[in-house]
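Architecture and fold: a report
Residues per chain are reported as follows:
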Amino acid sequence: FPSHDRNKGNCQEIAMDINVRRNYTSLQRAGAISNATPAAELGGYLAVAHLLGAGGAIRFARGDKSGRDGNGVGGQAYFNLGKNAVGT
C-alpha cells in the first residue's frame with residue numbers, strides 16, 4: 001500500500017483512542033484508578049495496559065509487577081514511560 005493509505009481516515013488514531021478509553025474504563029471499574037489518581041500515574045497505568053492489556057495493568061496496580069510482553073519488556077518500564085510522558 002502507498003504510505004498515504006496506511007492511516008486512511010485517521011483509523012490508527014481512532015483505534016488507539018477506543019483502546020485507551022476501554023482500558024481506562026476497565027481500570028476504573030476494577031478500582032485500580034479513580035478520579036483522584038494523579039495524571040502522571042494514570043499515564044503510567046494506561047501505558048501498562050497498552051503493553052499487557054487491562055487485566056495486566058490491574059494486576060500491576062495491585063502489586064504484581066511480573067507481567068512481561070513477548071520480548072521480555074516488563075510493566076514497570078512502560079509505567080515509567082507513561083508516567084514521565086505526562087509529567088510528575
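Bear in mind that the values here come from a model prediction, so they are computed numbers and not experimental data.

Attention shifts here to the pattern of salt bridges. Under the defined criterion, the tally for this structure stands at one salt bridge. With its nearest N and O atoms 2.9 Å apart, the salt bridge here joins D17 to R21. Here D17 and its partner R21 are both found in helix α1 (residues 11–29), four residues apart, which amounts to about one turn of the helix. For D17, a relative accessible area of 38% translates into the label partly exposed.

Here A77 shows up in helix α3 (residues 75–86). Sequence spacing of A77 and N10 is 67 residues, and the spatial spacing of their C-alpha atoms is 28 Å.

Here we take up the environment of L27. Considering the arrangement of structural elements, one finds L27 in helix α1. Among the residues examined, L27 registers a relative accessible area of 0% and is labelled buried. With 28 residues separating them along the chain, L27 and G55 place their C-alpha atoms 8.2 Å apart. Aside from chain neighbours lying at most four places away, what touches L27 is A32, I33, Y45, L46, A54, A57 and I58.

The next point concerns the side chain of T37. Here T37 is to be found in the loop between α1 and α2 (39–61). Within the structure, T37 has its side chain in polar contact with the backbone nitrogen of S34 (distance 2.8 Å).

Contact geometry for α1 and α2: axes closest at 9 Å, N-to-C directions at 80 degrees. Classified by the angle between their axes, α1 and α2 sit roughly perpendicular to one another. From α1, M16, N19, V20, N23, Y24, S26 and L27 reach across to α2, where they touch L42, Y45, L46, A49, H50, A54, A57 and I58. A breakdown of the residues in the contact of α1 with α2 according to their chemical character gives 11 nonpolar, four polar and no charged.

So, about α3. Taking 1.5 Å as the rise per residue, α3 with 12 residues should run 16 Å; its terminal C-alpha atoms sit 17 Å apart, in good agreement. Considered for burial, the residues of α3 that qualify are G75, F79 and G82. Take α3 and look down its axis: the buried residues cluster within an arc of 70 degrees, on one side only. The outward face of α3, more than 90 degrees from its buried face, is lined by the exposed residues L81, N84 and A85. Of the surrounding elements, those touching the buried residues of α3 are α2. The first or second residue beyond α3 is G87, which carries a positive phi of 115 degrees.

Cut-offs used in this document
Residues numbered from 1 in each chain as written. Predicted model: local features only at pLDDT ≥ 70, side-chain atom pairs only at ≥ 80, totals over all residues. Heavy atoms only, no water. Salt bridge = Lys/Arg side-chain N within 4 Å of Asp/Glu carboxyl O. Helix = DSSP H or I, 4+ residues; strand = E, 2+ residues; numbered from the N terminus. Buried < 20%, exposed > 50% of the residue type's maximum accessible area, 1.4 Å probe, protein only. Contact = heavy atoms within 4.5 Å. Polar contact = N/O pair within 3.5 Å; in protein donor to acceptor, adjacent residues only side chain to side chain. Axes fitted to C-alpha atoms, helices over the stretch in contact; angles between N-to-C directions. Parallel < 35°, antiparallel > 145°, perpendicular 65-115°, else oblique. Nonpolar A, V, L, I, M, F, W, Y, C, P; charged D, E, K, R; others polar. Expected span 1.5 Å × (residues − 1). Arc of directions from axis to C-beta.

So yeah, pure geometry; function would need other evidence.
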